[in-house]
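Chains, contacts and geometry: an overview
Here are the chains, one letter per residue:
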Amino acid sequence: MHTQKQLDEKGLKVTLIEHPLVQHKLTLMREKSQPVTAFRSLLREISWLLCFEVCRDLPLETKPIETPVESMEAPVLSGKKLAFISILRAGNGLLDGMLDVIPSARVGHVGLYRDPETLQAVEYYYKVPHSMSKRLIVVVDPMLATANSTIAAVQKLKDDGAVDMRFVCLISAPEGIAAFNKAHPDVPIVTAAVDSHLNDHGYIVPGLGDAGDRIFGTK
Ligand code: PRP
Ligand code: URA
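To start, this report covers the structure provided alongside it. (Residues numbered from 1 in each chain as written. Chains lettered and ligands numbered in written order. Predicted model: local features only at pLDDT ≥ 70, side-chain atom pairs only at ≥ 80, totals over all residues. Heavy atoms only, no water.)

**What to know about the environment of Glu 61**
Relative to the helices and strands, Glu 61 is located in strand S2 (residues 60-66). Each C-alpha atom of the pair Glu 61 and Gly 79 lies 8.7 Å from the other, and the pair is 18 residues apart in sequence. (Helix = DSSP H or I, 4+ residues; strand = E, 2+ residues; numbered from the N terminus.)

**Topic: the side chain of Asp 195**
Among the structural elements, Asp 195 can be located in the loop between strand S10 (189-194) and strand S11 (197-198). Reaching out from Asp 195, the side chain makes a polar contact with the backbone nitrogen of Gly 207 at a distance of 2.8 Å. Beyond its immediate stretch of four places on either side in the chain, Asp 195 contacts Met 1, His 2, Arg 30, Ile 171, Ser 172, Pro 174, Ile 204, Val 205, Pro 206 and Gly 207. (Polar contact = N/O pair within 3.5 Å; in protein donor to acceptor, adjacent residues only side chain to side chain. Contact = heavy atoms within 4.5 Å.)

**A closer look at the site of ligand 2**
Residues in contact with ligand 2, as listed here, are Arg 114, Met 143, Ala 145, Gly 202, Tyr 203, Ile 204, Gly 209, Asp 210 and Ala 211. Between ligand 2 and the protein, one listed contact pairs a nitrogen atom with a backbone N or O atom of Gly 209 at 2.8 Å. With the chains in place, 88% of the 240 Å² that ligand 2 exposes on its own is no longer accessible. Its residues assigned to classes, the shell around ligand 2 comprises 5 nonpolar, 2 polar and 2 charged. (Near = heavy atom within 4 Å. Areas by Shrake-Rupley, 256 points an atom, 1.4 Å probe, with all protein chains shown as cover. Nonpolar A, V, L, I, M, F, W, Y, C, P; charged D, E, K, R; others polar.)

**Things to note about the site of ligand 1**
Around ligand 1 lies a shell of 15 residues, among which Arg 114, Asp 141, Thr 146, Ala 147 and Ser 149 are the nearest. One nitrogen or oxygen atom from the main chain of Ala 90 is found 3.0 Å from an oxygen atom belonging to ligand 1. Between ligand 1 and Arg 114, the relevant distance is 2.8 Å, taken from an oxygen atom to a side-chain nitrogen or oxygen of the residue. The protein chains hide 91% of the 490 Å² of surface that ligand 1 would expose on its own. Those elements that place two or more of their residues in the shell around ligand 1 are strand S5 (106-114), strand S8 (143-144) and helix H5 (148-159).

**Some words on the packing of aromatic side chains**
A complete count under the given rule lists 2 aromatic pairs for this structure. Their ring planes at 35 degrees and their centres at 6.2 Å tell us that Tyr 113 and Tyr 124 sit as a pair that is tilted. Of the two residues, Tyr 113 is situated in strand S5 and Tyr 124 in strand S6 (residues 121-127); the sequence distance between them amounts to 11 residues. Of the residues examined, Tyr 113 reaches a relative accessible area of 45% and is grouped as partly exposed. Note on Phe 167 and Phe 180: the rings are 5.9 Å apart at their centroids and 40 degrees apart in plane angle, and the pair reads as tilted. (Phe/Tyr/Trp six-rings, centres within 6.5 Å; stacked < 30°, edge-to-face > 60°. Buried < 20%, exposed > 50% of the residue type's maximum accessible area, 1.4 Å probe, protein only.)

Here you go:
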């Protein structure tokens with residue numbers, strides 16, 4: 001596992017969330033004995049915390065309101081509703097918790113799976129909200145391994161007009177961060193952990209295994 005300092009020294013552009021609650025919950029999720037229900041609940045709880053971090057710099061404006069005591073100019077989020085884009089299918093595990101925090105967010109889905117032989121992303125679904133160029137776009141997927149999936153998803157969103165994007169994941173590999181930084185230097189990455197490396201099958205080591213299978217109980 002890398003620290004923020006080590007990542008900075010390696011020139012990897014990524015924000016590591018070192019909050020103790022995030023780290024504690026992530027450790028519980030990594031354990032292979034964790035049942036599907038617990039894994040899902042933990043992912044939902046971690047998404048709340050990741051959502052706070054990725055929305056830290058959202059712009060605010062004020063509007064006049066009446067409290068029971070007096071009127072005031074109170075802060076509210078400004079601009080068009082932000083959009084969460086889930087990379088299917090594991091992205092939906094993060095999406096649920098994000099929507100708990102920002103229920104009014106718009107939601108898009110990019111269906112991609114990794115070909116197990118080539119590790120290239122294969123697209124099978126795409127549906128996103130209108131006016132992508134005017135929204136803050138938060139792309140979510142628990143795993144950034146080779147980054148082939150996220151690079152492809154973000155390119156597709158850019159082709160659709162998205163300009164203000166950020167990517168949130170749970171666990172990433174240094175190889176994936178380097179590849180993503182190179183392909184999309186304008187898109188910040190927020191992650192809860194940067195693990196050691198990728199194995200010969202493109203899995204993150206030590207990682208947590210196949211995120212989709214663990215969320216949906218398909219193995
Ligand atoms: C997983 C994960 C990412 C991708 C990461 O999805 O959720 O989308 O792999 O790997 P990469 O960075 O090397 O592209 P998977 O292809 O297993 O599909 P699933 O979510 O449908 O299980
Ligand atoms: N996808 C996963 O779900 N896990 C990995 O470790 C790599 C890609």
